[in-house]
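Next come the chains, spelled out residue by residue.
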Amino acid sequence: MNSYSTKYNMETGLGLKKKAPPGVICIFGITGDLSKKKLVPALYALYVRGYLAENFKIIGFARRDWSDEFTRQYFKEALMGHPFFNDRDADEFLAALFYHRSSFDDPEGYAALRKKLSFGGDIIYYLATPPASYSTIIENLGESGLCNLEGHNIRIVIEKPFGSDLETARGLNSLLLRYFKEEQIYRIDHYLGKETVQNILALRFGNSIFEPIWNSKYIDHIQITVAEKIGVGSRINYYEKSGALRDMVQNHILQLLSLVTMEVPTSFESDAIRNEKVKILKNLVPIKQAEVSHKVIRAQYVGGYLDGGYVKGYREEEGVKIDSTTETYVALKAEIASWRWAGVPIYIRTGKRLSRKLSEVAVFFKPVPETSLWFGRPSPAPNALIMQIQPDEGISLLTNVKSPGYSMELIKHPLNFKYEHSFGDELPEAYERLLLDALTADPVLYTRADELEALWAYITGIREAWDIVSPPVYSYLPGSAGPIMARKLPAEEGRRWRRL
Ligand SMILES: NC(=O)C1=CN([C@@H]2O[C@H](COP(=O)(O)OP(=O)(O)OC[C@H]3O[C@@H](n4cnc5c(N)ncnc54)[C@H](OP(=O)(O)O)[C@@H]3O)[C@@H](O)[C@H]2O)C=CC1
Ligand SMILES: O=C1O[C@H](COP(=O)(O)O)[C@@H](O)[C@H](O)[C@H]1O
């Protein structure tokens, strides 16, 4: 037990409902960016909060010439900005970190790894590597027998992107299934680890007031926005092949969509939830070639001024082709062919270099009926339920209230719940929850093979239509709300985007 754990849990009510059993997590790509920014800090937080077994170990696999000592020092420096950092906890935590030097394609590296895994307990392989290395690692783990070690429960976590279209995702699934069973495979989507995303289910199914109105009779439309202010940054090589549709819509946004629209699961068990999500994803109406140009708007940011300084346009970024058609923004109208959702459009938009960072789901209800009640006065604005994923995590219900005074004038007013006000500002990082779930063999927040293939089927349909039709790639200014053409999507149906 360490200095923080009892105090922290009592204060925040996070609760020690589950604790990782003894074992080892082997992180492939320990010297990389994700390990430094997310994985090791999340494991440290779990350690400090008391969620790791006493003899839990971390093995970092990469090819740089590092020693155990150097690796510990490197991560100690990386942890110095962590909110829970203190010398004693960091040293104790890092004493359990070991470095394993090998190339991913060297079978001897796996034979040597086998000896280091022999201290018992569960084994979790975490692939935090370039996606091109996934198959090499999986094959080497399989052929060296490391997927099947007597007396160990073994799981494998795979980072995104999981494939680049339906065919490659299927190929990766079948390679994994050659060596692992589905229940051992954990495909990550970090949005599912966010508290506010999990709260979508809590809000919908823990409150009897929502279910009766959660359908096409009462809901007019839904908007899902994941906007970012940052540009593509140093990830050009990956992004140029990916674009916003694959980078954000295929995973995070369609996950949000499925949580907001799925039927009530029979339990909070992983398969019960994932079964319902898959049903929704399979009911997404494919976007056909003939409609792709007006149902999907793609665009790129151009150069311009943001926060007082010039920022390069996407095509000016180093490594981007001058005639690149990779979209840094995409907006689309999705539809679900089901009794509950027929006729309810779901407008989606995501992009980089927009006016601000914002992830939210907004559910717009139908307006009150047009009757003589409001005759001569403006009709009340439709109600909307806004689930703000980040920042300023919270939920608002936009209602109409009487404006103070002598007449029946209505004004819009939000009923607000803010995490920060109710629970303090410290929400656990998504990777903490996701890692804890992988360590405790709970796949509820991970994507199942059939779910992943349904996600890719929808996106691959759009990509293929783009390849044939070549719709225009519109432009937008940094700091804007996106391309003007995107307004058309809801506007042609008498609606408009929420302000960004
Ligand atoms: N970085 C991020 O913010 C995010 C990353 N991801 C995903 O996480 C994964 C990792 O990303 P990131 O950390 O940025 O990648 P990096 O390029 O920073 O790290 C790659 C890691 O893989 C190792 N590596 C690469 N090739 C070999 C090889 N042949 N043999 C041994 N080691 C090798 C590198 O080791 P060495 O240094 O020794 O060469 C390094 O540790 C990717 O799938 C990415 O899409 C997902 C979301 C966000
Ligand atoms: O997966 C990704 O997500 C980030 C955005 O994540 P967030 O938690 O900051 O909302 C995005 O910047 C990146 O391009 C994408 O690969």
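Residues numbered from 1 in each chain as written. Chains lettered and ligands numbered in written order. Predicted model: local features only at pLDDT ≥ 70, side-chain atom pairs only at ≥ 80, totals over all residues. Heavy atoms only, no water.

Here we look at the environment of Ala342
Inspection of the secondary structure puts Ala342 in the loop between β11 (329-334) and β12 (346-351). Here Ala342 falls in the partly exposed class, since its relative accessible area comes to 45%. Here the alpha-carbon distance between Ala342 and Ser216, two residues 126 residues apart in the chain, equals 6.6 Å. Ala342 has contacts with Ser216 and Ile336, leaving out every residue within four places of it along the chain. (Helix = DSSP H or I, 4+ residues; strand = E, 2+ residues; numbered from the N terminus. Buried < 20%, exposed > 50% of the residue type's maximum accessible area, 1.4 Å probe, protein only. Contact = heavy atoms within 4.5 Å.)

With respect to the UniProt feature "binding site: substrate" (unreviewed entry) in the protein
The positions UniProt marks with the feature "binding site: substrate" (unreviewed entry) are His190, Lys194, Glu228, Asp247, Lys352 and Lys357. Along the polypeptide, His190 turns up in the loop between β6 (185-187) and α8 (195-205). Owing to a relative accessible area of 24%, His190 belongs among the partly exposed residues under this scheme. Residue contacts for His190: discarding those within four places in its chain leaves His252, Ala430, Tyr431 and Leu434. On the secondary structure map, Lys357 appears in the loop between β12 and β13 (358-365). With relative accessibility at 42%, the residue Lys357 sits in the partly exposed group. (UniProt positions renumbered as here; feature names shortened; annotations may be inferred.)

What to know about the site of ligand 2
Near ligand 2 you find Lys160, His190, Tyr191, Lys194, Glu228, Arg235, Asp247, Met248, His252, Lys352, Lys357 and Gln390, and these make up its full shell. Within the side chain of Arg235, an N or O atom sits 3.2 Å from an oxygen atom of ligand 2. With the chains in place, 83% of the 390 Å² that ligand 2 exposes on its own is no longer accessible. Here the element with the most residues in the shell around ligand 2 is helix α9 (residues 236-261); it accounts for three residues. The class makeup of the residues in the shell around ligand 2 is two nonpolar, three polar and seven charged. (Near = heavy atom within 4 Å. Polar contact = N/O pair within 3.5 Å; in protein donor to acceptor, adjacent residues only side chain to side chain. Areas by Shrake-Rupley, 256 points an atom, 1.4 Å probe, with all protein chains shown as cover. Nonpolar A, V, L, I, M, F, W, Y, C, P; charged D, E, K, R; others polar.)

Thoughts on the UniProt feature "binding site: NADP(+)" (unreviewed entry) in the protein
Those residues carrying the UniProt feature "binding site: NADP(+)" (unreviewed entry) are Arg63 and Lys160 in this numbering. Structurally, Arg63 is set in the loop between β2 (57-62) and α3 (68-79). When sequence neighbours within four positions are dropped, the list of residues in contact with Arg63 reads Tyr99, Arg101, Ser102 and Ser103. Excluding its chain neighbours within four sequence positions, the residues that come into contact with Lys160 are Tyr134, Ile188, Tyr238, Asp247, Asn251 and His252. Polar contacts involving the side chain of Lys160 include one to the side chain of Asp247, which spans 2.9 Å.

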